[in-house]
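Each chain, written out:
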Amino acid sequence: MSSFRLRLILALVLSVTVVSLASTYFEVLAHKHILRVELERRAASLGAGMQPALEQAISDPQGSASSVLASILNRHGSALAVALYDAKDNLVASSGAAAMLYSIRPGPIQTALKRGNNSSLFSHTGSSDWLEEAVPLYANGNLAGVLVILEDANAIRADSAVVWKHTIWRVTATVILIAGVTALMVSWLLTRPANRLAERLRRLRLGHVDGASTSDLSLFKPLAREVENMSESLKEARAAAATEARLREAGESLWTAERFVAHIRQRSADGEANGRLFVVSNREPYVHQRQGKEIVCVVPPSGLVTAIEPVLRATDGVWVASGSGSEDRATVDEFDRVRVPPDDPRYTLRRVWLSAEEEAGYYDGFANEGIWPLCHIAHTRPIFRASDWEMYKAVNHKFAEALLHEMEGNENPLVFVQDYHFALLPRLIKNARPDARVAIFWHIPWPNPEAFGICPWQAELLDGLLGADLIGFHIPLHCNNFLDTVDRVLESRTDRERMAARRRGHLTSVRPYPISVATDGMNDDRATAHATLDEMLRPFNTHAERVILGVDRLDYTKGIVERLMAFERLLEEHPWQRERVTFVQIAAPTRSRIPTYIELRHRVENKVADINTRFGTQKWTPVVLIERQASHEEVAAWYRVADLCLVTSLHDGMNLVAKEYIAARSDEDGVLILSKFTGAAVELREALIVNPYHIDGVAEAMHRGLEMEYDERRQRMSRMRRHVMEHNVYRWAASVLGDLRDLRIENAEAGSAAWGDAAVVEPQRISA
Ligand code: ADQ
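As the structure is a computational prediction, the values presented were derived from the model and not from experiment.

**Quick word on the overall build of the chain**
On a plain count of helices and strands, the chain comes out with 24 helices and 23 strands. Projected onto its principal axes, the C-alpha positions of the chain cover 150 × 70 × 55 Å. Scored against the burial criterion, the 768 residues of the chain give a buried share of 50%. Long-range pairs, those at least 24 residues apart, make up 71% of the contacts in the chain between residues at least 6 apart in sequence. Only carbon and sulfur atoms are counted for the fraction: they give 53% of the accessible area of the chain, which is about 35800 Å². Once the 89 positive and 99 negative side-chain charges of the chain are each reduced to a mean point, those two points are 3 Å apart.

**Some words on the domain arrangement of the chain**
As assigned here, the chain comprises domain 1 (2-158), domain 2 (223-249), domain 3 (277-356 + 395-512) and domain 4 (533-727). Summarising the inter-unit geometry, the C-alpha centres of domain 2 and domain 4 are found 35 Å apart.

**Structural notes on the nonpolar core**
Of all hydrophobic cores here, the largest spans 91 residues; its most connected members are Trp442, Leu461, Phe482, Ile548 and Met702. Two domains share this core, each providing at least three of its residues, namely domain 3 (277-356 + 395-512) and domain 4 (533-727). Leaving out residues up to four positions away in the same chain, phenylalanine 482 has contacts with Trp446, Leu462, Leu465, Leu466, Ile471, Phe473 and Val510. Counting residues in hydrophobic clusters, the runner-up holds 77 residues, among them Met522, Val641, Tyr730 and Leu740.

**Side note on the packing of aromatic side chains**
In the structure shown here, the tally under the stated rule is 26 aromatic pairs. Here tryptophan 389 and tryptophan 457 contribute two aromatic rings whose centre-to-centre distance is 5.2 Å and whose plane-to-plane angle is 15°, an arrangement assigned as stacked. Here the residue tryptophan 389 occupies a position in helix H10 (residues 386-407), and tryptophan 457 occupies one in the loop between helix H12 (449-452) and helix H13 (458-465), the gap between them amounting to 68 residues. Tryptophan 457 matches tryptophan 389 in its accessibility class, with the two residues each being buried. Clustering of aromatic rings is evident, with ring pairs tying together Tyr362, Tyr363, Phe366, Phe384, Trp389, Tyr392, Phe399, Phe422 and Trp457. Here the basic side chain of arginine 36 rests over the ring of phenylalanine 122, its NZ or CZ set 4.4 Å away from the ring centre.

**Some thoughts on the side chain of aspartate 469**
On the secondary structure map, aspartate 469 appears in the loop between H13 and strand S14 (470-473). For aspartate 469, a relative accessible area of 5% gives the class buried. At 2.8 Å, the side chain of aspartate 469 forms a polar contact with the side chain of lysine 430. A distance of 3.5 Å separates polar atoms of two side chains, one belonging to aspartate 469 and the other to histidine 506. In this view, aspartate 469 contacts Lys430, Ala436, Arg437, Val438, His506, Leu507, Thr508, Ser509 and Leu743; residues no more than four positions away in its chain are not counted.

**Comments concerning the confidence of the model for the chain**
Residues at a pLDDT of 70 or more form 91% of the chain, whose mean pLDDT is 87. Between residues 747-768, whose pLDDT stays under 50, and residues either more than four places distant or in other chains, the model counts 53 contacts.

**Topic: the environment of leucine 466**
For leucine 466, the location among the structural elements is in the loop between H13 and S14. In this structure, the C-alpha to C-alpha distance between leucine 466 and threonine 256, residues 210 residues apart in sequence, is 32 Å. Setting aside residues up to four positions removed in sequence, leucine 466 forms contacts with Arg427, Ile471, Phe482, Val486, Leu490, Ala501, Arg503, His506 and Thr508.

**Observations concerning the site of the ligand**
Within the structure, the ligand sits among 23 residues, and His443, Arg553, Ala630, Asp652 and Glu660 are positioned closest to it. Between alanine 630 and the ligand, the recorded distance is 2.8 Å, taken from a backbone N or O atom to a nitrogen atom. Contributing elements (two or more residues each) for the shell around the ligand: strand S18 (546-553), strand S19 (581-588), helix H18 (632-641) and helix H19 (656-664). Each residue belonging to the shell around the ligand can be placed in one class, and the counts come to 12 nonpolar, 5 polar and 6 charged.

**Section: a nonpolar patch on the surface**
Residues Leu177, Val181, Met185 and Trp188 make up a contiguous nonpolar surface patch of roughly 420 Å² in combined accessible area. The topology assignment puts tryptophan 188 in helix H5 (residues 154-205).

**Looking at the pairing of strand S17 (residues 506-512)**
Counting buried positions over the 7 residues of S17 gives 6, a clear majority of the element. Of the pairings in the sheet, the one linking S14 to S17 comprises 4 bridges and is parallel in character. Counted as the bridge partner of phenylalanine 473 is proline 512 from S17. Adjacent in sequence and paired antiparallel, strand S16 (residues 500-503) and S17 are bridged by 2 residues, among which arginine 504 carries a positive phi angle near 45°.

**Considering the packing of helix H9 (residues 356-375) against H10**
It is the contact of H9 with H10, at a shortest axis distance of 8 Å, that shows an interaxial angle of 110°. Overall, the two elements H9 and H10 adopt an arrangement that is roughly perpendicular. Of the two possible hands of crossing, H9 and H10 adopt the one that is left-handed. Facing Glu357, Glu358, Ala360, Gly361, Tyr362, Gly365, Phe366 and Ile371 of H9, the residues of H10 in contact are Asp388, Trp389, Met391, Tyr392, Val395 and Lys398. Taken together, the residues that form the contact of H9 with H10 break down as 8 nonpolar, 2 polar and 4 charged.

**Quick word on the pattern of salt bridges**
Inspection of every chain in the model, using the stated rule, returns 50 salt bridges. Aspartate 129 serves as the salt-bridge partner of arginine 157, at 2.9 Å between the closest nitrogen and oxygen. Placement of arginine 157 in helix H5 and of aspartate 129 in strand S4 (residues 128-139) is noted, with a sequence separation of 28 residues between them. Judged by its relative accessible area of 39%, arginine 157 falls in the partly exposed class.

**Remarks on unusual backbone geometry**
What you tend to see is this: most non-glycine residues have negative phi, and most peptide bonds are trans. With an omega of -10°, the peptide bond running from valine 340 to proline 341 counts as cis. Among the secondary structure elements, proline 341 is positioned in the loop between strand S10 (337-340) and strand S11 (347-352). Here the phi dihedral of aspartate 316 falls at roughly 55°; this positive angle occurs in a residue that is not glycine. By secondary structure assignment, the location of aspartate 316 is in the loop between helix H8 (303-315) and strand S9 (318-322).

**Re H5**
The terminal C-alpha atoms of H5, which comprises 52 residues, lie 73 Å apart, in line with the 76 Å expected from a rise of 1.5 Å per residue. Approximately 40° is the largest bend angle found in H5, and it occurs at serine 187. Downstream of H5 by one or two residues, glycine 207 has phi in the positive range, about 95°.

**Some thoughts on the sheet that holds strand S5 (residues 142-152)**
Spatially, 5 strands are ordered S2-S1-S5-S4-S3 in an open sheet, and the strand pairing comes out antiparallel. Two strands bound the open sheet, and with one partner strand each, they are strand S2 (91-96) and strand S3 (119-125). In this sheet, neighbouring strand axes are inclined to one another by 15° on average, regardless of whether the strands run parallel or antiparallel. Alignment of S3 against S4, held across 7 bridges, turns out to be antiparallel. Bridge pairing in S4 links leucine 121 to glutamate 132.

Conventions used here
- Residues numbered from 1 in each chain as written.
- Predicted model: local features only at pLDDT ≥ 70, side-chain atom pairs only at ≥ 80, totals over all residues.
- Heavy atoms only, no water.
- Helix = DSSP H or I, 4+ residues; strand = E, 2+ residues; numbered from the N terminus.
- Buried < 20%, exposed > 50% of the residue type's maximum accessible area, 1.4 Å probe, protein only.
- Contact = heavy atoms within 4.5 Å.
- Areas by Shrake-Rupley, 256 points an atom, 1.4 Å probe, with all protein chains shown as cover.
- Lys, Arg positive; Asp, Glu negative; His and termini not counted.
- Charge placed at Lys NZ, Arg CZ, Asp CG, Glu CD.
- Domains from an automatic or database assignment.
- Core = buried A, V, L, I, M, F, W, Y, C linked by side-chain atoms within 4.5 Å.
- Phe/Tyr/Trp six-rings, centres within 6.5 Å; stacked < 30°, edge-to-face > 60°.
- Lys NZ or Arg CZ within 6 Å of the ring centre and 35° of its normal.
- Polar contact = N/O pair within 3.5 Å; in protein donor to acceptor, adjacent residues only side chain to side chain.
- pLDDT = per-residue confidence, 0-100.
- Near = heavy atom within 4 Å.
- Nonpolar A, V, L, I, M, F, W, Y, C, P; charged D, E, K, R; others polar.
- Patch = residues over 30% accessible without salt bridge, like charges linked within 9 Å, V, L, I, M, F, W, Y side chains within 5 Å.
- Salt bridge = Lys/Arg side-chain N within 4 Å of Asp/Glu carboxyl O.
- Pairing = 2+ DSSP bridges.
- Axes fitted to C-alpha atoms, helices over the stretch in contact; angles between N-to-C directions.
- Parallel < 35°, antiparallel > 145°, perpendicular 65-115°, else oblique.
- Left-handed = near helix turned anticlockwise from the far one by under 90°.
- Expected span 1.5 Å × (residues − 1).
- Bend = angle between axes of the 7 residues up to and from the residue.

Below is the structure:
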C-alpha cells in the first residue's frame, strides 16, 4: 500500500478514534451523573420515608432505634448499612455490614447537622463504590440527629464499563469501515485516474498522441483538460512537422500556420513595423451562447478565423467585432473585452454592441441591400436609403472609436479591416493615428465605374477606403475596376504600373490577394472511415449511384435557381440519368430579414418541389434540399462523396466552396463545375468553366462531368489540388500582412511631392 494511502488512513483512523473516545468519555460522565442523582434521590426519599419513626426513636432514650434501622435495611435492598447519630454527632445505633459502618465519613454528617439539609458523598475502596447520604432528623421542631444511609453504587461503575465496551466495539467497526472505504476511494478517485494521467503523459512523451482520452476523469478535470490540450498541440505540432518534413523531402516549401507565424515574426524583427496586430470584422470569431443551463463558446465556421488566428495568437493581438451571441455581454469585462480562445487564451476579442436600429440600417440596409448588390452584377437592384447611409456612417465611427481605444499605448500598430461593412474605417483610423499601417480586404467583387456610379455616396466610400495604406481584392480585375472608379470619381492620381492611388498626399497600394482555404491535413487521409453515398442519402429516403453537390449561403448571387434549372434540363435531355443521379443542395439561410432573400428562398423551394414532382419516383428523389447551416464535418463528408460539385455563382469575389471541394478530395477524384464569374475561375482552370446564365451549357457540363473518364478526372483534380495546396490561406494571410508590414508610411507633405518608389509596396514574391 502506498505510503500516501497509509498516512491518509492512519490520519482518518486516529481522528475518528480520538473523537469517538472523547465523545464517549463525556457521554459516560453524563450517564454517571444521572445515575448518581437517581441514587441520591432514592436515598433521600428513603430517609424521608423513615423520618417520623426515627425521630421518635431518637427522642426516646430506651427507644427502638436499632430495630427501626434493621427494618430499613430489610426493606431496602440496595442499602448496605444505616446508622443513626444524635445531634452531637454521637453514634446512637447502626445496622448492616460492620466493614461498611467503619467506612462512614464524618463530612456529610457534620454538614447535615450544620446546615439542616441532606448531604451526600460518593466514596470507593478497591472494587466497591457506595453513596453516603446523611439525612437530618428533627424532634419537636429541633435538630435531633442524622440518619446515615450507605447505598451500593457499584451499578454505576458497571454501567460505565458497559458503555465503554460498546464504544470500543463501535470505534473498531468504524475504523475498519473507514479504512476500507478510504482505501477504495483513494484507489478509485485518485490512484487510478492519476495512473491513467501518468500513462497518458508517458505515452505523449514517447510520441503516441492518439491514446485514450482522459477527459472523463472528474476529480482531475482541469488537469485532464490541460493534458488533452497538450495532446492536441502536440498532435498539431507533429502534423506540422510531418508536413514540413514531407515537403522538404519533396523539395517543396508550402505555407503552414507555423511557417506563416515564423514569417511574420521574422519580418517584424527585420523591419520597423513591429507593432501589434488589430483585426476588425463585422462577425466575431467566438460567440457565447446559452445551451440549457450552461454558457458555451461557439466558433462560427470561417476561413478568416483559420487564416488570421495563428498570428493573433502568436503576437497577442486584438480582434474587434460586433457581439452577436446571447451571452456575449455576460462574458466580457468592464471594457467589453474577453480573452480567447477560452481554453487557451492568447489574444483579446473586443466586442462592439449594436442596437437593433443600427443592425437594420448599417448591416441589413446599407451593407447588404446597398453595397452587396452594387458590387455583384447579379441583376438585383441595390437600394440606397439616406437613413441607412447615416447608420452606416455612425457604425463605422463606433467601430473606429473602439479600435482607437484598443490601440492606445501601442506604437506603429497594424490594422487589418475586413470587408465592405467598413469602407469608411480606414480614413477614420488614419486621421486619428497616422502611425498606424492600415489594410482593408474587400471580400466581394469591385464592379466597373459605371455600375458603381449609381451609389449616391460613391465619393465618400472611395475616400474612406483611400485612407488605407493597402487595399486588397481577390483578383487583378477587381483592382483595376477599383482604380478606374477612383480615376472617374475622385480628384486623385492613380498609377497602373505600380497599382496605387494617391489622394491628398496619401498613397494607397491596391493589390490582388486570392484568398483560399486551410490545407492542413489535405493529404492526410489516414484510416478515418468515411461515410458512403448510400449512408449519406439514407436519411432522405432516396437512392442514387451518383451525386451532384451544391453548398452555398441562400444568396441570389450564388445562382442556385439557375443551377436547379440546369439540373432539370439535364434530366430532360439525358433521361438515362434519371434515377441514377441525385442533386444535393445544402443551403444555409442568410440575411433572412431582407425581402429579396425571403423571396429567393421561396423560389428555390418551389423549383425543388417542381422538379421532384415532375421526375421523382418511389425510390428516387431528384433533388435533396438541406436548408440549414451544416457542420464543417458534414459538408466535408458530402464533398467526399460528390461526383460533381456545382459552383454556379452569377458573380463571386472568390468562392471558397470550389477550393474546399478540391481540398477534400484526397482520392483525387470528382469534377468541379465552376462559374466563369467567380474569382476562383481565374486560378482553377482545370474545372469545367461555365456561364451560369447559359442553362443548356451548365446542363451539358454536368453531363460531361458525369461521363468523364477516371483518368481525366484524376488529372484535372490533382492539378487543381496542387494549386490549392500551394496557394492556401496561410499564403494569402502572409502576403497581405507581410506587405502591410513592409509599407513605408509617408506623411502628407513629403508624400504629395512626388511618387516615392519606396512608398509603394512591390508585390511580395511569395513563392513556393
Ligand atoms: P461567401 O459569399 O460567404 O463569402 P464563399 O466564399 O463560398 O462565399 O464561402 C462560404 C463559406 O460558407 C464556405 O466555407 C462554405 O463551406 C460555407 N457554407 C456555405 N453554405 C453552407 C452551409 N449550408 N452549411 C455549412 N457551411 C456552408 C465572401 C465572398 C466570397 C469569398 C469569401 C471569402 O462572397 O466570394 O470567397 O467571402 O473572401
